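Given next are the chains, with one letter for each unit.
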Amino acid sequence: MNRRQLLRNIGIAAGLGGAALTGLIAYPYIIARVQKELMISGSVAVTRFVSLLIAPFIEKHPHVKVAIQGGGSFAGLVALDNGGIDLAMMSRDLNFDEFNLDLHSNLIGIEGIAIVVHPSMNIKSISLEQLDGIFDGSINNWNALGGPNKRIHFYNRNEGSSTRAFVEDVVLRGSKFARDAKMSDSAIDVLNLIAQDPYGIGYLTNKNLSDKVKAVAINGFEINDKTLLLKLYPLSRDMFLVNKKSANQATRDFVRFSLSAAGQDIFAKHGLTQVSL
């Protein structure tokens, strides 16, 4: 398929704008211009990865036109249930109330969230309880963790970050982040600030890890593919594509592609742990 035909199938939008686009990610995303045959919506966190599959999928299936947007896991599931979309993206599995015999949940990858410090920090492992204390401000000195007698500098993400929302839910569990946390606009900002601060701490997804910082173990478990797959490392989120069992062929083909070697390789190159070989 030539470039003109590919671009005809995937309109690449350049930015956000207007209330109608609320929930769309600030990455290039794909919007079919006419006769949308495959509609995908849901978790913004999952959208970052699934959007990477659209172009190579269309190369293999040039007759399929695809639209994808964020909006949240629950919103995507509601849209799927109402017949408004073909695939719902979820950063968690279906819960008891959402389970439906007509729905099929497909695990497509696992994203780990690392707790990072400056490479010179002598802390190797932190418990979830200690992490809770650091993030809510009740633990504010490294000596409480066996480190130097220096104040902890916590680098947080701004509101609107899906990673921040995940950390708040899993680590703080109802508490609030410390008011004196240093706010950052992006993961790259967090990375660079901690790389320059011997007493800094923050969180990054696998995709953004670098040797500029050190990932510490949580509850004694380091972050790696093995601990993520075995559910030993506690800061991880599963990525799902959910479809109805009556899904059309294009939907089935897309799910199959996401679990294929080619699809899983794309995910792995961008920080997801593979779940299908």
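Each remark here, short or long, concerns the structure printed above.
Residues numbered from 1 in each chain as written. Predicted model: local features only at pLDDT ≥ 70, side-chain atom pairs only at ≥ 80, totals over all residues. Heavy atoms only, no water.

A. Seen up close, the environment of Glu129. When you line up the elements, Glu129 lands in helix H4 (residues 128–136). According to the relative accessible area criterion, Glu129 is exposed, its value standing at 52%. In the structure, Glu129 is positioned 42 residues away from Val171 in sequence and 7.9 Å away in space, judged by C-alpha atoms. (Helix = DSSP H or I, 4+ residues; strand = E, 2+ residues; numbered from the N terminus. Buried < 20%, exposed > 50% of the residue type's maximum accessible area, 1.4 Å probe, protein only.)

B. View of the packing of helix H8 (residues 249–259) against helix H9 (residues 261–269). Relative orientation of the contacting elements H8 and H9 amounts to 60°, with a least axis distance of 4 Å. As far as their axial angle goes, H9 and H8 are oblique. Mapping the contact onto sequence places Phe257, Ser258 and Leu259 in H8 and Ala261, Ala262, Gly263, Gln264 and Phe267 in H9. When grouped by side-chain class, the residues that make up the contact of H8 with H9 number five nonpolar, three polar and no charged. (Axes fitted to C-alpha atoms, helices over the stretch in contact; angles between N-to-C directions. Parallel < 35°, antiparallel > 145°, perpendicular 65-115°, else oblique. Contact = heavy atoms within 4.5 Å. Nonpolar A, V, L, I, M, F, W, Y, C, P; charged D, E, K, R; others polar.)

C. Molecular detail of unusual backbone geometry. Despite not being glycine, Asn219 has its phi angle at roughly 55°, a positive value. With respect to the helices and strands, the residue Asn219 is situated in the loop between strand S11 (214–218) and helix H7 (225–229). Phi is positive for Lys231, which is not a glycine, with a value near 60°. By the element assignment, Lys231 lies in the loop between H7 and strand S12 (236–244).

D. Looking closely at the packing of aromatic side chains. This structure, assessed with the given rule, holds six aromatic pairs. Taking the centre distance of 6.0 Å and the plane angle of 50° together, the rings of Phe57 and Phe257 count as tilted. Here Phe57, found in helix H2 (residues 44–60), pairs with Phe257, found in helix H8; they are 200 residues apart in sequence, far enough to count as distant. Of the residues examined, Phe57 reaches a relative accessible area of 0% and is grouped as buried. When the centroid spacing of 5.9 Å and the interplanar angle of 35° are considered together, the rings of Phe154 and Phe177 count as tilted. Taken together, the positions of Phe154 in strand S8 (residues 153–157) and Phe177 in the loop between helix H5 (162–172) and strand S9 (182–184) put the pair 23 residues apart, joining distant regions of the chain. For Phe154, a relative accessible area of 5% gives the class buried. Judged by relative accessible area, Phe177 falls into the buried class, the value being 10%. One aromatic cluster in this structure is built from Phe135, Phe154, Phe177 and Tyr203. (Phe/Tyr/Trp six-rings, centres within 6.5 Å; stacked < 30°, edge-to-face > 60°.)

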